[in-house]
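Below, each chain spelled out in residue letters.
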Amino acid sequence: MKPTDVPTRNFPTAREECRTLQPHPDYDGPGSAYELAFKDESFLLRQDMRAVRMQLELMKPELLQDEQGVKSTIVIFGSARIPSAEAAQALLSAAEASGDETQLRVARSKLAMSRYYEEARRFAQLVTTACADRGCPVVVATGGGPGIMEAGNRGAYEAGGKSVGLNIVLPHEQYPNPYITPELCFRFHYFGLRKMHFLMRSVALVCFPGGFGTLDELFESLTLIQTGKSRRRPILLFGREFWSRLLNIELLLETGMISPGDEQLFHYVETAEEAWRVLENQPELSSPPTP
């Protein structure tokens, strides 16, 4: 029996205890030994308490996702620097007006890459609509920031569904994009625990072009699956031209750095529809879970 099942609680809750506390004129104050341990911020932020903070960072998103009915996710990775088509066109117009060649070159590149924003947005719409129609409790999850992350949350939002945003505290603050379901918008201090939450509920990983952060998440996922530490699931790479120029898989095979068959741990796709065709017959997506 859980404590919440008991009709009358035998003890006050921690919240109730805090409400009834009376300050002591001699012993109370920030950081005092007299402060309740779980209310004492200076104590919780001590270096010695890192293990407890890591445990809390693991537990909070887990408990809140359970409460929101998030059973499974499709994770969308990708660059924070890829703008929407509208934003990219505005950058190009400004660059053309300025006459600055460097600015113009960057703006043209942004416009070309913006197609991935639109594909991520459409893919999230497809996933959200199809899973709702099938009664599957699968939602889109992203890193919560701008660019491809925004596109994923935006597509789910436009399809009328929930989506998860797993934000991270960075030296240059990452702000959550406006399309994340508020109850599922989290913020992490530890990269490692954030990556655990990307994988814990995922039934598929969909990776769009990106930089160091995207590569970190992609290779961590591939390594865990390759070594058997995590179950195998589809990994889709959007944009064969980008990924084949960036990753020389043939070299890894020729030099024995990966085993034959490891190149089959991922699939290249070009469009949202193609990506969904790869995923739609996965057991977690083809039918609702058994009660």
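Up top you'll find the structure we're talking about.
The structure presented is a predicted model; accordingly, all values stated were derived computationally and were not measured. Here the residue numbering is sequential within each chain, running from 1 through the sequence in written order. Per-residue local features of the predicted model are confined to residues with pLDDT of at least 70, and side-chain atom pairs are confined, for both listing and counting, to 80 or more; whole-chain, interface and lining totals are unaffected and use all residues. To obtain the side-chain values, all non-hydrogen atoms of the structure were used and water was disregarded.

A. Molecular detail of the nonpolar core. Nonpolar core, defined: a set of buried Ala, Val, Leu, Ile, Met, Phe, Trp, Tyr and Cys residues in which side-chain atoms within 4.5 Å join the residues together. Accessibility here uses a 1.4 Å probe with only protein chains present; expressed as a share of the type maximum, an area under 20% marks a residue as buried, one over 50% as exposed, and anything in between as partly exposed. One finds V164, L218, I235, L237, W243 and F266 to be the most contacted residues of the largest nonpolar core, which totals 30 residues. With four residues, helix α8 (residues 212-226) is the largest single contributor of residues to this core. The contact definition used throughout considers only heavy atoms, calling two residues in contact when any of these lie within 4.5 Å. When near neighbours in sequence (up to four residues on either side) are disregarded, L237 contacts C207, L218, W243, F266, H267, Y268 and V269. Working definition: helices are DSSP H or I runs of at least four residues, strands are E runs of at least two. Numbering for both runs from the N terminus.

B. Geometry of the packing of helix α7 (residues 191-200) against α8. Simply put, an axis is a line fit to the C-alpha atoms, just over the touching stretch for a helix, and the angle between two N-to-C directions goes from 0 to 180 degrees. Two elements in contact, α7 and α8, have axes whose closest approach is 11 Å; the angle formed by their N-to-C orientations is 60°. With respect to their mutual orientation, α7 and α8 come out oblique. Remark: the crossing between α7 and α8 carries right-handed chirality. The residues of α8 that touch α7, namely those facing R194, K195, F198 and L199, are D216, E217, E220, S221 and L224. Grouping the amino acids of the contact of α7 with α8 by side-chain chemistry returns three nonpolar, one polar and five charged. What sets the label is the angle itself: under 35 degrees gives roughly parallel, over 145 gives roughly antiparallel, 65 to 115 gives roughly perpendicular, and the rest give oblique. Crossing handedness is defined as follows: a turn of the near helix away from the far one that is anticlockwise and smaller than a right angle gives a left-handed crossing, while the clockwise case is right-handed. We call Asp, Glu, Lys and Arg charged. Ala, Val, Leu, Ile, Met, Phe, Trp, Tyr, Cys and Pro are nonpolar, and the rest, Gly among them, are polar.

C. Here's a closer look at the pairing of strand β5 (residues 202-207). Here β5 lies mainly inside the structure; six of its six residues are buried. Paired strands, in this sense, are two strands between which DSSP finds at least two bridges. In this sheet, β5 lies alongside strand β1 (residues 72-77) in parallel orientation, the contact comprising five bridges. Looking across to β5, one finds that I74 is bridged to A204. Both β5 and strand β6 (residues 235-238) contribute to a ladder of three bridges, which runs parallel. Bridge pairing in β6 links C207 to L237.

D. Summary view of helix α3 (residues 50-67). How far a helix is expected to stretch is found by multiplying one less than its residue total by 1.5 Å. For α3, spanning 18 residues, the distance from its first C-alpha to its last is 26 Å, which sits close to the expected 26 Å at 1.5 Å a residue. Those residues of α3 lying buried are R53, E57, P61 and Q65. Down the axis of α3, the buried side of the element spans an arc of 95°, and every buried residue falls inside it. Exposed and facing more than 90 degrees away from the buried side of α3 are A51 and E67. Downstream of α3 by a residue or two, G69 has a phi angle that is positive, lying close to 75°. In this description, the arc belongs to the directions extending from the helix axis to the C-beta atoms.

E. Quick peek at the pattern of salt bridges. In what follows, salt bridge is the name for a side-chain nitrogen of Lys or Arg lying within 4 Å of a carboxyl oxygen of Asp or Glu. One pass over the full model with this rule turns up 16 salt bridges. The closest approach of N and O atoms between E273 and R122, which form a salt bridge, is 2.4 Å. Here the residue E273 occupies a position in helix α11 (residues 272-279), and R122 occupies one in helix α5 (residues 101-134), the gap between them amounting to 151 residues. Its relative accessible area of 34% is what places E273 among the partly exposed residues. Through salt bridges with shared partners, a single network forms among E86, E118, R121, R154 and E158.

F. Seen up close, α11. Turning to α11, its buried residues are A272, A275, W276 and L279. Down the axis of α11, the smallest arc covering the buried residues is 95°, so these residues share one side. Taken together, the buried residues of α11 touch β1, α5, β5, β6, β7 (267-269) and α12 (283-286).

G. Region of interest: the packing of α3 against α7. Two numbers describe how α3 lies on α7: the axes approach to 10 Å, and their chain directions differ by 30°. Here α3 lies roughly parallel to α7, going by the angle between them. Along this stretch, α3 crosses α7, giving a crossing that reads as right-handed. Contacts between α3 and α7 involve M54, E57, L58, P61, E62 and Q65 on the former and, on the latter, L193, M196, H197 and M200. For the contact of α3 with α7, a count of residues per class yields six nonpolar, two polar and two charged.

H. Quick peek at the state of the cysteines. Cysteine sulfur atoms are paired as a disulfide whenever they fall within 2.5 Å. Counting across every chain of the model gives zero disulfides. C207 carries a free sulfur, and the closest cysteine sulfur to it, the one in C131, is 19 Å from it. Residue classification places C207 among the buried positions, given a relative accessible area of 1%.

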